[in-house]
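# Commentary on secondary and tertiary structure
Chain residues, written in single-letter form:
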Amino acid sequence: MSQLGHAVDSFGPDTYEPWQFMRGRANNYRIALGMLGFTLQQIRQKDYDIIEFYGGDSWLTVLILNYFWKNKYLLVSHSNGLETQFNEVMNKYAKLLNTHQKWYQIDQSFLFENAFKFAHGIVTQSNYDRDYALQHQYGDKEHILTISSGLLEDYLGLSVDFNRPPILGYCGSWIARKGIQLIQQDIPKILKEFPQCQFKIIGVGKDFHKEDYFHIEICDRIEVIPFIESKKELAKVYQSISIMLVPSIYESFGLAIAEAMACGCAVVASRVGFAADLTSGKEIIVLNQIAYSDLYKSVKMLLEDEKLRYKIAQNGYQKVQNLTWKKAIQEIEIAYNRWLKEIELS
C-alpha cells in the first residue's frame, strides 16, 4: 500500500505483546491486552484513517474502538485464517488428529468473533473463509471480501516441463493440522504398490527423522529436505515433483498449493482454502473427505493415469497465473476507499 502512495505504519506482536518472557502461556489474552494499550497510545500520537487488524486477538481493541470512536476510523479485519472456523474444524476432527484441549484451555471463539462482527470490513484469503463469515453473519457480501495474496514474481510465467518422473511431494510443518496422519497411513501403500515412486518431504526442520514415521523398508525412497534457503530454490524442488500432497485439515489459503501449481505440479488437496474454489478433476484433485484411503485412491489414480495428471498440472499452472501482488493490492485499495467513504457519510 505504501507503494501506491499511502502512509502505512505496521506493528507486530514483538511491539505490543506484554510479558514476552511468558510466551507459550496465556498468549491470546496477553496479546489482546497489549494490542489495546498500544493502539490507544498510537491514536493519541497520530491521526489514522484506517486501522487494520490481523487475527482474532484484536477482538478487545475492535470492541473498544467501535464503542468509543464509532466510525472515526475504518476498522478492517484482514484475516489469514478465521480463528473461529479453525477452532470449529479442529474440534470436529479432534478424534482423527488425536488432539484434545487441556482442561484449562478455553475455546475463545466467542471472544474472537467480535474482531470480525464489529469491524467495518473483512478481507479473507479464500472464499472458504468468506463463506463461513457470511454464514455466521459477521457482515454482508459488500463488506466481506476475498482478496487472495499474490505469488512472488519468481513463480509466475515459469517455463516448466510437465513430463516428470513419479515423485510425490509434501511441503510444510509436520503437524496434525496439515493432515500428516493421512500421509503416514496412505503414502506407504503407494510406495509399496509403485516401486518407481519416490516421496520428497520439504521444510519439516532438522529434528524430523523419517524413520520415526515410516517403515524402514520404504525410507530409502523418501527424501527429506529439512529447510530451503530461498523461494527460488524451493521452486526448483517443486519442479522436480509430479504430485503435490496438501491434505490439510484447515487452511485459510494454502500457499503451497498455489506455488506447486505455478511450478507444474498436479495437486491433491483437501477441500479447504484456495483448493475449495478449484474444479476437482480439472485443476486439482480434491479429497472427497478427510479420511484414510481417500488420499491413497487419489494419488493412485494420478499415478495410473498419466494423461489425467498432465491435464491437471497444466490447468493448475494456468489457473494461478493471475495471482499477482499488484492485483491484490489494487483490490484492497479499492475496497478500503469504498468502505472509508461509507463511514465518512454515515
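What this report covers is the structure whose coordinates are included nearby. (Residues numbered from 1 in each chain as written. Predicted model: local features only at pLDDT ≥ 70, side-chain atom pairs only at ≥ 80, totals over all residues. Heavy atoms only, no water.)

## Observations concerning the packing of aromatic side chains
The final tally for this structure, using the stated rule, is 18 aromatic pairs. Centre to centre, the rings of Tyr170 and Trp174 are 5.3 Å apart; their planes meet at 90 degrees, and the pair counts as edge-to-face. Classification of Tyr170 as buried rests on a relative accessible area of 2%. Counting every residue linked through ring pairs, the aromatic cluster contains Tyr170, Trp174, Phe199, Phe208, Tyr213 and Phe214. When the ring centre of Tyr296 is taken as reference, the NZ or CZ atom of Lys189 above it lies at 5.6 Å. (Phe/Tyr/Trp six-rings, centres within 6.5 Å; stacked < 30°, edge-to-face > 60°. Buried < 20%, exposed > 50% of the residue type's maximum accessible area, 1.4 Å probe, protein only. Lys NZ or Arg CZ within 6 Å of the ring centre and 35° of its normal.)

## Remarks on the sheet that holds strand β4 (residues 144-146)
Pairing is parallel in the open sheet, where four strands are placed in the order β1-β2-β3-β4. Edge strands, defined here as strands with exactly one partner in the open sheet, are β1 (50-53) and β4. Recorded for the sheet is a direction-independent mean angle of 20 degrees between the axes of neighbouring strands. Set on the sheet, helix α7 (residues 127-135) makes contact with β3 (121-124) and β4; between it and β4 the angle comes to about 165 degrees. (Pairing = 2+ DSSP bridges. Helix = DSSP H or I, 4+ residues; strand = E, 2+ residues; numbered from the N terminus. Axes fitted to C-alpha atoms, helices over the stretch in contact; angles between N-to-C directions. Contact = heavy atoms within 4.5 Å.)

## Describing the packing of helix α9 (residues 231-238) against helix α10 (residues 255-262)
Where α9 meets α10, the closest approach of the two axes is 9 Å, and the angle between their N-to-C directions is 65 degrees. Viewed along their axes, α9 and α10 adopt a mutual orientation that is roughly perpendicular. Seen along the crossing, α9 lies across α10 with a hand that is right-handed. Facing Lys231, Leu234 and Tyr238 of α9, the residues of α10 in contact are Leu255, Ala256, Glu259 and Ala260. Of the residues that constitute the contact of α9 with α10, the class distribution is five nonpolar, no polar and two charged. (Parallel < 35°, antiparallel > 145°, perpendicular 65-115°, else oblique. Left-handed = near helix turned anticlockwise from the far one by under 90°. Nonpolar A, V, L, I, M, F, W, Y, C, P; charged D, E, K, R; others polar.)

## A short note on the sheet that holds strand β7 (residues 222-225)
Pairing between the strands of a sheet comes from backbone hydrogen bonds, and it takes one of two forms, parallel or antiparallel. Reading across the sheet, the six strands line up as β7-β6-β5-β8-β9-β10 and stay open at both edges, with parallel pairing between neighbours. In this open sheet, the two edge strands, each paired with only one partner strand, are β7 and β10 (285-286). Sheet analysis places strand β5 (residues 167-171) next to strand β6 (residues 198-202), joined by five bridges and oriented parallel. Following the sheet pairing, Tyr170 is matched in β6 by Ile201. With respect to the sheet, α9 is in contact with β5, β6, β7 and β8 (243-246), its orientation differing from that of β6 by roughly 165 degrees. Of the strands in this sheet, β5, β8 and β9 (266-269) are in contact with α10, which crosses β9 at around 160 degrees.

## Details of the pairing of β3
Covered by surrounding structure in β3 are Gly121 and Val123 together with Ile122 and Thr124, the residues of both alternating faces. Judged from the three bridges that link them, strand β2 (residues 74-78) and β3 form a sheet pairing that is parallel. When the sheet's bridge partners are listed, Ser77 is paired in β3 with Ile122. In this structure, β3 lies alongside β4, joined through three bridges in parallel fashion. Counted as the bridge partner of Thr124 is Thr146 from β4. This β-α-β element, β3 to α7 to β4, shows right-handed connectivity. (Right-handed = clockwise from strand over helix to strand, strands pointing away.)

## So, unusual backbone geometry
One non-glycine residue with positive phi stands out, namely Ala26, at about 55 degrees. Considering the arrangement of structural elements, one finds Ala26 in the loop between α1 (13-16) and α2 (27-45). The partly exposed category is assigned to Ala26, whose relative accessible area is 41%. A positive phi angle, close to 70 degrees, is found at Asn71, a residue other than glycine. Relative to the helices and strands, Asn71 resides in the loop between α3 (59-68) and β2. On the basis of relative accessibility, which here comes to 29%, the residue Asn71 falls in the partly exposed class.

## So, the packing of helix α4 (residues 83-92) against α7
The N-to-C vectors of α4 and α7 enclose an angle of 95 degrees; their axes lie 10 Å apart at closest approach. Between α4 and α7, the crossing angle belongs to the class labelled roughly perpendicular. Residues Thr84, Gln85, Glu88 and Val89 of α4 form the contact with α7, whose own contacting residues are Tyr128, Asp129 and Tyr132. Here the residues of the contact of α4 with α7 are counted per class, giving three nonpolar, two polar and two charged.

## With respect to helix α6 (residues 109-117)
What α6 keeps buried is the set Ser109, Leu111, Phe112, Asn114, Ala115 and Phe116. Of the surrounding secondary structure, the elements contacted by the buried residues of α6 are α2, α3, β2, α4 and β3.

## A short note on the pairing of β5
Within β5, four of the five residues are buried, leaving the element largely enclosed by the surrounding structure. Two strands pair when backbone bridges link them, and β5 and β8 are joined in this way by two bridges, in the parallel orientation. If you follow Leu168 over to β8, its bridge partner there is Ile243.

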